[in-house]
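A closer look at the structure
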Amino acid sequence: MEIKLKVSLVGGQHISLANMDSIVAKSIFPTSSISTKVIDGIIAEKGEYYPEWRVKKEPKGYIFREVNSDCGICGHHPSLRKLIIASIGHRIKIEIENV
């Protein structure tokens, strides 16, 4: 017997290229390392910064890139939907701003 996964995204109807800039992934825990995020001119210390990633379209596909360090999470994917599905559950939440 084959086991298959069927995924349904609540709010998935809002995933489109038109609102790609509004899709954000946010860490649900503060960073466990010293951050490069500057808050009011002071570098944030360990545990004070919650990383945030934005969708970028690159030659290899769609990826979430951290807004300050440009580090990616969950690799490149051929579609926004596949990127979001791969990212959910990795200690981050996905939101669509202004919807």
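Residues numbered from 1 in each chain as written. Predicted model: local features only at pLDDT ≥ 70, side-chain atom pairs only at ≥ 80, totals over all residues. Heavy atoms only, no water.

**Section: the pattern of salt bridges**
The following threshold applies: What makes a salt bridge here is a side-chain nitrogen of Lys or Arg within 4 Å of a carboxyl oxygen of Asp or Glu, nothing more. Every helix listed is a DSSP run of H or I at least four residues long, and every strand listed is a run of E at least two residues long, numbered separately from the N terminus. Throughout, exposure labels follow a simple rule: accessible area from a 1.4 Å probe, protein chains only, divided by the maximum for the residue type, with under 20% read as buried, over 50% as exposed, and the rest as partly exposed.
Summed over the entire model, instances satisfying the criterion amount to five salt bridges. Linking Lys-26 and Glu-95 is a salt bridge whose minimum nitrogen-to-oxygen distance equals 3.1 Å. Of this pair, Lys-26 sits in strand S1 (residues 23–27) while Glu-95 sits in strand S7 (residues 92–96), placing them 69 residues apart in sequence. Looking at Lys-26, the relative accessible area reads 23%, which means it is partly exposed. The exposure class assigned to Glu-95 is partly exposed, which follows from its relative accessible area of 27%. With a shortest N-O distance of 3.1 Å, Arg-54 and Glu-97 are connected by a salt bridge. Taken together, the residues span a long stretch of sequence, with Arg-54 in strand S4 (residues 52–58) and Glu-97 in the segment after S7 at a distance of 43 residues.

**Looking at a nonpolar patch on the surface**
This is how the line gets drawn: Exposure above 30% relative accessible area and no salt bridge define the residues that can form patches, which grow by joining like charges within 9 Å and nonpolar side chains of Val, Leu, Ile, Met, Phe, Trp and Tyr within 5 Å. For accessible areas, the Shrake-Rupley method is used with a probe of radius 1.4 Å. Any residue's cover is judged against the shown protein chains and nothing else.
A contiguous nonpolar surface patch, about 270 Å² in accessible area, is contributed by Leu-5, Val-7 and Ile-85. A residue is classified by how much of its surface remains accessible, and Leu-5, at 76% relative accessible area, is exposed.

**As for the packing of aromatic side chains**
Short version of the rule: Between 30 and 60 degrees the pair is tilted, below 30 it is stacked and above 60 it is edge-to-face, where a pair is any two Phe, Tyr or Trp rings, Trp via its six-membered ring, whose centres lie within 6.5 Å. Two conditions define a charge located above a ring, namely a distance within 6 Å from the ring centre to NZ of Lys or CZ of Arg, and an angle within 35 degrees of the ring normal.
For the structure shown, the criterion picks out zero aromatic pairs. Its end group placed over the ring of Tyr-62, Lys-57 keeps NZ or CZ at 5.0 Å from the ring centre.

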